[in-house]
Amino acid sequence: MDPNRLLRKSNTEWWLAPFGRMHVPGILFASEELVRAMDDKVLEQVANVAGLPGIVRASFAMPDAHRGYGFPIGGVAAFSQAAGGVISAGGVGFDISCGVRTLRTGLSIDEVEPRRAALADALFRTVPCGVGSTGPLRLSASELDDLMLSGARWSVQKGFGRAVDLETIEEEGVMAGAEPAAVSPEAKKRQRDQLGTLGSGNHYLEVQEVVEVFAPEIAAAYQLRAGEVVVSIHCGSRGLGHQIGTDYLKSMLAEAGRHGIELPERELACAPIDSSLGQRYLGAMRAAMNCAMANRQVIAHLVRETFSEIFPSAELTLLYDVSHNTCKEEEHEVDGQMCRLFVHRKGATRAFGPGHRALPAVYRSVGQPVLVGGSMGTASYVLAGTTGGMGRAFGSAVHGAGRSLSRHEATRRWKGRAVVDALAGHGILIRSPSLRGVAEEAPGAYKDVGAVVDAAEQAGLARKVARLRPLVCVKG
Amino acid sequence: MRASLHMLPVRRHASGSAGTYPTKAKDMQHTLPRWEHFDHPSDIGVRGLGRSRDEAFAQAAQALTAVMTDPARVLARENVRVACQAPDDEMLLVEWLNAVIYEMATRKMIFGRFTVVCQGMHLDGEMAGERIDVTRHQPAVEVKAATVSCLRVACDGAGVWTAECVVDV
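Worth saying up front: this structure is predicted, and the values here are computed from it rather than measured.

Asker: Hey, could you run me through the packing of aromatic side chains in this one?
Answerer: When we look at a pair of aromatic rings, we describe it by the centre distance and by the angle of the planes. Residue and element names in this part refer to chain A. Enumeration over the complete set of coordinates arrives at 10 aromatic pairs over all chains. An aromatic cluster of at least three residues, connected via ring pairs, comprises Phe 29, Phe 60 and Phe 394. Here Lys 9 stacks its cationic end above the ring of Trp 15, 4.5 Å away from the centre of that ring.

Asker: Teacher, can you tell me more about the interface of chain A and chain B here?
Answerer: Where the parts come together, the accessible area they lose is often given as the size of the interface. Contacts between the two partners involve 42 residues from chain A, matched on the other side by 41 residues from chain B. Taking both partners together, chain A and chain B bury about 3,600 Å²; carbon and sulfur atoms supply 53% of that area. When the buried surface of chain A facing chain B is broken down by residue, Tyr69(A), Val131(A) and Arg436(A) rank first, second and third, together holding 19% of it. Applying the counting criterion to the chain A and chain B interface returns five salt bridges. Between Lys108(B) and Asp193(A) there is a salt bridge, with the nearest N and O atoms lying 3.3 Å from each other. The tally of links between chain A and chain B comes to 15 residue pairs in polar contact (both at pLDDT 80 or more). Every element with two or more residues in the side of chain A that touches chain B is listed here: helix H7 (185–191), helix H9 (238–255), helix H12 (407–413) and helix H14 (435–440) of chain A. No other element matches H9(A), which puts seven residues into the side of chain A that touches chain B. Among the residues forming the side of chain A that touches chain B, the class breakdown is nine nonpolar, 17 polar and 16 charged.

Asker: Looking at this structure, how should I read the nonpolar core?
Answerer: Note on soluble globular proteins: their nonpolar side chains tend to be buried together. Counting residues in each nonpolar core, the largest one holds 189 residues, and the members touching the most others are Leu205(A), Ile244(A), Tyr281(A), Val303(A), Phe307(A), Trp96(B) and Leu97(B). The leading source of residues in this core is helix H10 (residues 276–310) of chain A, at 18 residues. Residues in contact with Ile244(A), not counting those within four places in the same chain, are Ile96(A), Val183(A), Ala187(A), Tyr281(A), Ala284(A), Met285(A) and Ala288(A). Val100(A), Leu319(A), Val322(A) and Tyr363(A) belong to the second largest nonpolar core, which has 23 residues in total.

Asker: I'm lost on the sheet that holds strand S6 (residues 122–131) of chain B in this one. Help?
Answerer: One key point about sheets: their strands pair by backbone hydrogen bonds, in either a parallel or an antiparallel sense. All names here are of chain B. Taken in spatial order, the three strands make up an open sheet running S4-S6-S5, and their pairing is antiparallel. This sheet does not close on itself; its edge strands, each paired only once, are strand S4 (78–85) and strand S5 (109–119). Averaged over all pairs of adjacent strands, the angle between their axes in this sheet comes to 20°, without regard to strand direction. Bridge count for S5 against S6 is 10 bridges, and the pairing is antiparallel. Looking at S6, one finds that Ile 110 is bridged to Glu 130. Contacts from helix H2 (residues 53–68) reach S5 and S6 within the one sheet, and its direction differs from that of S5 by about 165°. The sheet contacts of helix H3 (residues 89–107) involve S4, S5 and S6, and relative to S4 the element is tilted by about 140°.

Asker: I'm lost on the pattern of salt bridges in this one. Help?
Answerer: Should their charged atoms come close, side chains of opposite charge can pair. Residues and elements named next belong to chain A. Applying the stated rule across the entire model yields 54 salt bridges over all chains. The partner of Arg 431 in a salt bridge is Asp 121, and the shortest N-O contact between them spans 2.6 Å. Taken together, the residues span a long stretch of sequence, with Arg 431 in strand S18 (residues 429–431) and Asp 121 in helix H5 (residues 116–126) at a distance of 310 residues. Under the relative-accessibility criterion, Arg 431 is labelled buried at 19%. With a relative accessible area of 33%, Asp 121 lands in the partly exposed category.

Asker: Help me understand the packing of H9(A) against H10(A), please; the structure alone is not making it clear to me.
Answerer: Residue and element names in this part refer to chain A. At a minimum axis distance of 9 Å, the contact between H9 and H10 shows a crossing angle of 165°. The orientation of H9 with respect to H10, classified from their angle, is roughly antiparallel. Handedness of the H9/H10 crossing: left-handed. For the pair H9 and H10, contact is made by Arg 238, Leu 240, Gly 241, Ile 244, Tyr 248, Ser 251, Met 252 and Glu 255 and by Leu 277, Arg 280, Tyr 281, Ala 284, Met 285, Ala 287, Ala 288, Cys 291 and Asn 295, respectively. Classifying every residue of the contact of H9 with H10 by side-chain character gives 11 nonpolar, three polar and three charged.

Asker: What exactly am I supposed to notice about the sheet that holds strand S5 (residues 73–79) of chain A here?
Answerer: Residue and element names in this part refer to chain A. The strand order S1-S2-S3-S4-S5-S13-S12 describes an open sheet built from seven strands, whose pairing is mixed. In this open sheet, the two strands that pair with only one neighbour each are strand S1 (7–10) and strand S12 (325–334). When strand polarity is set aside, the average angle formed by the axes of neighbouring strands in this sheet is 25°. For strand S3 (residues 26–29) and strand S4 (residues 55–66), the ladder comprises three bridges, and the chain directions are parallel. Bridge pairing in S4 places Leu 28 opposite Ala 61. Along the sheet, helix H2 (residues 40–50) makes contact with strand S2 (13–16), S3, S4 and S5, crossing S4 at roughly 160°.

Asker: Quick question: what am I supposed to make of the environment of Glu167(A) here?
Answerer: Residues and elements named next belong to chain A. Within the fold, Glu 167 resides in the loop between helix H6 (141–157) and H7. Note on Glu 167: relative accessible area 52%, which makes it exposed. Glu 167 sits 154 residues away from Asp 321 along the chain, and the two C-alpha atoms are 9.9 Å apart.

Asker: Sorry, what's going on with unusual backbone geometry here?
Answerer: As a rule of thumb, non-glycine residues mostly have phi less than zero, and peptide bonds are mostly trans rather than cis. Cis geometry marks the peptide bond from Leu32(B) to Pro33(B), where omega comes out at -5°. Looking at the secondary structure, you find Pro33(B) in the loop between helix H1 (25–30) and strand S2 (34–39). Positive phi outside glycine occurs at Glu172(A), with the angle close to 55°. Within the element layout of this structure, Glu172(A) appears in the loop between H6 and H7. By relative accessible area, Glu172(A) is classed as exposed at 53%. Look at Phe394(A): it is not a glycine, yet its phi comes out positive at around 55°.

Asker: How should I be thinking about the pairing of strand S7 (residues 99–108) of chain A in this particular structure?
Answerer: The two faces of the sheet receive side chains in turn, since in a regular strand these alternate between them. All names here are of chain A. Most of S7 is tucked away: eight of the 10 residues are buried. Two strands pair when backbone bridges link them, and S7 and strand S11 (residues 317–323) are joined in this way by six bridges, in the antiparallel orientation. Across the sheet, Gly 99 pairs through a bridge with Ser 323, a residue of S11. Here S7 runs beside strand S9 (residues 228–235); their pairing, made up of seven bridges, is antiparallel. Opposite Thr 102, over in S9, you have Ser 232 as the bridge partner.

Conventions we followed
Counting restarts for each chain, with residues numbered from 1 along the sequence as it is written. Labels follow written order: the first chain is A, the first ligand is 1, and so on. Restriction of local features to residues with pLDDT of at least 70 applies here, the model being predicted, together with a cutoff of 80 or more for giving and counting side-chain atom pairs; totals for whole chains, interfaces and linings are based on all residues. Side-chain calculation: all heavy atoms of the structure are included, whereas hydrogens and water are not. In summary, the pairing rule links any two rings of Phe, Tyr or Trp, Trp by its six-membered ring, whose centres are within 6.5 Å, and it sorts them by plane angle into stacked for under 30 degrees, edge-to-face for over 60 and tilted for everything else. Remark: a charge is flagged as sitting over a ring if the NZ atom of Lys or the CZ atom of Arg is within 6 Å of the ring centre and within 35 degrees of the ring normal. The criterion used for residue contact is that any of the two residues' heavy atoms lie within 4.5 Å. Here's the idea: put two parts together, see how much 1.4 Å probe accessible area each one loses, and the total over both is what we call buried area. Put simply, a salt bridge is a Lys or Arg side-chain nitrogen that is within 4 Å of an Asp or Glu carboxyl oxygen. By the criterion applied in these results, polar contacts are pairs of N or O atoms within 3.5 Å in which, for protein atoms, one can donate a hydrogen and the other can accept it, and in which residues neighboring in sequence qualify only through two side-chain atoms. A run of H or I in DSSP counts as a helix once it spans at least four residues, and a run of E counts as a strand once it spans at least two, with each numbered from the N terminus. Under the scheme applied here, ten amino acids are nonpolar (Ala, Val, Leu, Ile, Met, Phe, Trp, Tyr, Cys and Pro), four are charged (Asp, Glu, Lys and Arg), and all others, including Gly, are polar. Put simply, buried Ala, Val, Leu, Ile, Met, Phe, Trp, Tyr and Cys residues joined by side-chain atoms within 4.5 Å make one nonpolar core. Under the scheme applied here, a residue whose accessible area is under 20% of the maximum for its type counts as buried, over 50% as exposed, and between as partly exposed, the area being computed with a 1.4 Å probe on protein chains only. DSSP bridges decide pairing: two strands pair if at least two such bridges lie between them. Helix axes use the C-alpha atoms of the stretch in contact, all axes being lines fitted to C-alpha atoms, and the angles between their N-to-C directions lie in the range 0 to 180 degrees. Here the word oblique covers every angle except those under 35 degrees (roughly parallel), over 145 (roughly antiparallel) and from 65 to 115 (roughly perpendicular). Here a crossing is taken to be left-handed if its near helix is turned anticlockwise relative to the far helix by less than a right angle, and right-handed if that turn runs clockwise.

Below you can see the structure in the form of structure tokens.
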């Protein structure tokens, strides 16, 4: 993307003035280098989102933005119900509530290193991953309905984890307002045996070492210390969310005309928040959010079981669980007034700053953890929400590195076995059912996650707390 | 103009041979039906080409399988039938591919052969495949959904039908 198409407000803030159907400006947070690396389609999508009814303040793109479906991935937009605002299935995506959960192990790198290969093998055996995998449970219809209402709390009640885990999950593990009746029988059938599975593609389970601490006071609150080992789980609502996205995208396309919504692209399919369809989608999407949190809770339990076999004294505690494909009703200040808004974050992480009442008490003084995934070979980061960030993009920040090469280009450049061997040479053990899948996810196919988080920090979206180095990656 | 980038084929298969990409209409007819993939920054595009809409739709499904594995590795042990309908050709393609994705996800199967018969905007499809065998199929990635991105169903002046869209993986 040519930065000259934008008005440069600072080194990391770029504005697209409203034109055509845009109701609000587009605002990109990124360094010039990251802007130059973005696809032109990102700007087109930012502008299209800015033209949706009821959008408030601006259509935002995070530093890791890339081309998505309707909304850019790395897109943030808030809508006012009172102003005829919309909810968009495309703005949440097919992988509803995909997110990251990070667990502290209390183990040092010196303790883990001698058993690392055994740990990698055991995690690969224990945590179901890849195409066609099934989880440890086959849910009845009533169990699935309960899960969709109760999220991670359901998993804890079934023995997967501890009640204390819920304290450090967004929404305390339960998204209110879920409506299982708004979820199709097909979506429910698709999920019946997928609870506790990682999935495939860019989903992963990583054992990581905290290699650098940037903000010692926040790291202390997060109980992160250099040289200690953590585990991160990246996955979402599995088949349930995929089918809900499919079902409602179709319904919203069919009904758009009836609501007087003109769509510049079909992928922007949306419905007024106060319409019957909009409310049904909200109920179904929240059910999928609960499914995602329940799923990561079950996987965390499987990880704990695996660690206890190899490191009997290990005590895995939950740092945080945060989703990055959501729409949430939140209160934000707009023009000096507090407003209730429906904030879409597509490939963007909520990043609430210190003092926010939605944060767990243990993190309220320092801001929420923002978990940013890298790729198999590069670093992941823990950031913290900031007070200033609340006014930048409704308390939102980056979610990951973002792809720089297509899957085909990745398989053209790299072979899966060579990637596995090269990463082993760098001390990173890969376990995956598919070598082609590994090649498609080669680290070189991703942007520089360090540049992305630096830009997020410079833009005031979030603050760097710690850098994590991968030791083991189980890839679906 | 970068918008045309996604139109370039990146992986293709023609019945009988996978030779060079034909550019003349006459050559196109000789290598039909066939499927291709086209590039997308984070996901992948599937394209079916045929002498009829039915053939193009069946080939698009073959391209869908090829996102996960080599269709030649899939044995035709079991047949599954689906039916769907839509208001127009393009949404019918999305419906069809999503029906295939749904059957794969719920049956834990992968399909290697597809037959499509459309009557107006109603589609009857039959697919043959087997349960996923991770060792033999080495499935690269799970397909979440067929999308309306880069969605196109069209017949050119030479009678070649194209059915294509991006699938989310």
